[in-house]
Amino acid sequence: MWWPANLVQVSLFRALHEKEERRRGGLTRIQFFLIAFTCSFAYYVCPGYLFQMLTSLSWICWIFPRSVFAQQLGSGLNGLGIAALGIDWSTISAYLGSPLASPWFATANVAAGFFIVMYVITPICYWLNVYQAKTFPIFSDSLFTSTGLIYNITAIVNSDFHLDVKAYDREGPLYLSTFFAMTYGVGFAALSSTIVHVSLFHGREIWKETMSSLKDKKMDIHTKLMSRYKQVPEWWFWVVLVLNIALTLIACEYYNSQLQLPWWGVLLACAIAFIFTLPIGIITAITNQTPGLNIITEYIIGYIYPGYPVANMCFKVYGYISMTQAITFLQDFKLGHYMKIPPRTMYMAQMVGTLIACVVYLGTAWWLMETIPDICLDKSSVWTCPGDTVFYDASVIWGLIGPRRIFGNEGVYGKVNWFFLAGGVAPILVWLAAKAFPNREWIRLINMPVLIGATGSMPPATAVNYTTWVIAGFLSGYVVYRYAPEWWKRHNYLLSGALDAGLAFMGVALYMCLGLEDVSLNWWGNELDGCDLAWCPTQKAVVVTGCPVFT
């Protein structure tokens, strides 16, 4: 298990710190990095400010400016994204990470999963009008009434941020767009497939490593070199763990009227994070893709403690985000293992970095909320907060209204729960095929948690984020790796780091120099996507402002 994302940082550190003789007619790695960094830095002025349409070039919408059907197919931001292209590294790497760091087999699994969900399941469900699908946009993270209007959430919340049941009965059940509903079903399947896949394909390895950890075992070269350093005492980790759980319990009890989460919810969330860190960590270490645990945390607390949206969000943070941070912590320690950094130094760097990040992130968030008018509300602004919008929607679906009224016996989407079973069966079929055809190595490369959970980032991710990511991953992981292997070994991960760095620095520069002063360019090239009708429903007699009415 090599943690592919770490290879980008290893390549960058080597380029920055190792001395290298320039080959005749070639470039040193640091020279290549600086050239790629400069190009990335300079180019992002275009998609970041001058020509923002480069984020999603949906040319089908330009050809059919009045066709709802065509724009549903062609929109990269609000539709299926057929033939849409984003010539922007931020579009490519925003949600799935760098495609240059993804192993080709993992990229192929993501591509297959995306194709099945986006171009098979979603169109079939939409045009067969499953769950009144045509009443809503084909792709949207909004919440709707049965008539296709945006659901008035404030009307069903009382002064204590609890569900007003009588008001909810008056407003009627909540509906989701076709794709949004299907992604929850896919999330159910991804969760069960992760457990079954890891048990079948890695269960023996986990047991073997667990037993060998109790005895003396053969060390690889990295472990031998690292054995010279003093190891981090286990009690250091235990102190941090106990202290943080204690502080969380105190906060939830003292501010219970605001956070809503009882003490047992904190302990249950920690238990879930503890159970799922190992299987999801294994998937991440091999594929560079992390299956989401957010849905199961929302589902559990939503059933146990319905009507409390803030409690649902807190439970999700303590159960899901803590697991994600644990995996990141492990990944960073693996990076230190590769770079031969003393474990105690890595530990202190993690602790200090976490404390600094908490202060900086919180301060930045408050600063942005105080200085940017209508942040996350003004859809004409760049500050649309797609991730936070989906987080809010989830708090309404799972926390305020609760899964029983949406995915349970009182809800519209009860049959979506069958995805749990489908996800559990899928890895068994792959495992049986691998046993039946042991010489077909490609069968073992079918990773059902990655394939099924490919669209786990959608929404807020959109079709163009995936199509361009898959194209870039194919060019890097298959074409260049196969036909220019020496160039790939020397420059692939370094190029990924340079593109990330150039984008980050120019993004900050644009905001500091132009964004703070609200200096913008208003012309057609800065109209994102250009598919205004992709958001329209196609059901007859449904009236939505700005959309044609079908009769």
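Residues numbered from 1 in each chain as written. Predicted model: local features only at pLDDT ≥ 70, side-chain atom pairs only at ≥ 80, totals over all residues. Heavy atoms only, no water.

Caption draft 1: View of the overall build of the chain. The helix and strand inventory of the chain stands at 22 helices and 2 strands. Dimensions of the chain, computed from C-alpha atoms along their principal axes, come out at roughly 70 × 60 × 55 Å. Across the 551 residues in the chain, those meeting the buried criterion constitute 45%. Taking the contacts inside the chain whose residues are at least 6 apart along the sequence as the reference set, 74% of them involve residues at least 24 apart. Charge separation in the chain, taken as the distance between the mean sites of 33 positive and 31 negative side-chain charges, equals 15 Å. (Helix = DSSP H or I, 4+ residues; strand = E, 2+ residues; numbered from the N terminus. Buried < 20%, exposed > 50% of the residue type's maximum accessible area, 1.4 Å probe, protein only. Contact = heavy atoms within 4.5 Å. Lys, Arg positive; Asp, Glu negative; His and termini not counted. Charge placed at Lys NZ, Arg CZ, Asp CG, Glu CD.)

Caption draft 2: Seen up close, the state of the cysteines. Scanning the model with the defined rule gives 3 disulfides in all. Note on cysteine connectivity: Cys-61 is disulfide-linked to Cys-531, with sulfurs 1.9 Å apart. Taking the sign of the torsion about the S-S bond as the criterion, the disulfide between Cys-61 and Cys-531, at about 105 degrees, is right-handed. In this pair, Cys-61 is assigned in helix H4 (residues 59–63) and Cys-531 in the segment after helix H22 (485–515), connecting sequence segments 470 residues apart. Using a relative accessible area of 5% as the deciding quantity, one classes Cys-531 as buried. (Disulfide = S-S within 2.5 Å.)

Caption draft 3: Seen up close, the pattern of salt bridges. Under the criterion given, the structure shown has 6 salt bridges. One salt bridge in this structure joins Arg-14 and Glu-18, with 3.1 Å as the shortest N-O distance. Judged by relative accessible area, Glu-18 falls into the partly exposed class, the value being 39%. One salt bridge connects Glu-486 with Lys-489, and the closest N-O pair in it is separated by 3.9 Å. In this pair, Glu-486 and Lys-489 are both assigned in helix H22, 3 residues apart and thus about one turn of the helix distant. Residue Glu-486 shares its accessibility class with Lys-489, and that shared class is exposed. Through salt bridges that share partners, Arg-14, Glu-18, Glu-20, Arg-29 and Arg-490 make up one connected network. (Salt bridge = Lys/Arg side-chain N within 4 Å of Asp/Glu carboxyl O.)

Caption draft 4: Up close: the nonpolar core. Counting residues in each nonpolar core, the largest one holds 46 residues, and the members touching the most others are Val-110, Met-118, Ile-452, Met-458 and Tyr-466. Elements that contribute at least two residues to this core include exactly helix H6 (89–93), helix H7 (104–127), helix H9 (178–212), helix H13 (263–287), helix H18 (418–436), helix H20 (448–452), helix H21 (463–483) and H22. If sequence neighbours within four positions are ignored, Tyr-466 has contacts with Leu-96, Val-110, Phe-114, Ala-454, Thr-455, Gly-456, Ser-457, Met-458 and Ala-461. Judged by nonpolar contacts, the second largest core, of 30 residues, contains Phe-136, Ile-156, Ala-167 and Ala-181. (Core = buried A, V, L, I, M, F, W, Y, C linked by side-chain atoms within 4.5 Å.)

Caption draft 5: Representation of the packing of H7 against H21 in the model. It is at 10 Å that the axes of H7 and H21 come closest, and there the two elements cross at 150 degrees. On the basis of their axis angle, the class for H7 and H21 is roughly antiparallel. Handedness of the crossing formed by H7 with H21: left-handed. Across the interface between the two elements, Trp-104, Thr-107, Val-110, Ala-111, Phe-114, Met-118 and Tyr-119 of H7 pack against Ala-463, Tyr-466, Thr-467, Trp-469, Val-470, Gly-473, Phe-474, Gly-477 and Tyr-478 of H21. The residue inventory of the contact of H7 with H21, partitioned by class, reads 12 nonpolar, 4 polar and no charged. (Axes fitted to C-alpha atoms, helices over the stretch in contact; angles between N-to-C directions. Parallel < 35°, antiparallel > 145°, perpendicular 65-115°, else oblique. Left-handed = near helix turned anticlockwise from the far one by under 90°. Nonpolar A, V, L, I, M, F, W, Y, C, P; charged D, E, K, R; others polar.)

Caption draft 6: Spotlight on the environment of Thr-55. Positionally, Thr-55 belongs in the loop between helix H3 (45–50) and H4. Thr-55 sits 35 residues away from Ser-90 along the chain, and the two C-alpha atoms are 8.0 Å apart. What Thr-55 contacts, discounting residues up to four positions off in sequence, is Pro-47, Leu-85, Gly-86, Asp-88, Thr-91, Val-464 and Leu-528.

Caption draft 7: The arrangement of the environment of Gln-289 in detail. By secondary structure assignment, the location of Gln-289 is in the loop between H13 and helix H14 (294–304). Residue classification places Gln-289 among the buried residues on the basis of a relative accessible area of 10%. Spatially, the C-alpha atom of Gln-289 lies 6.7 Å from that of Val-450, the residues being 161 residues apart in sequence. Ignoring sequence-local partners within four residues, the contact set of Gln-289 consists of Leu-96, Ser-102, Val-110, Ile-283, Thr-284, Val-450 and Trp-469.

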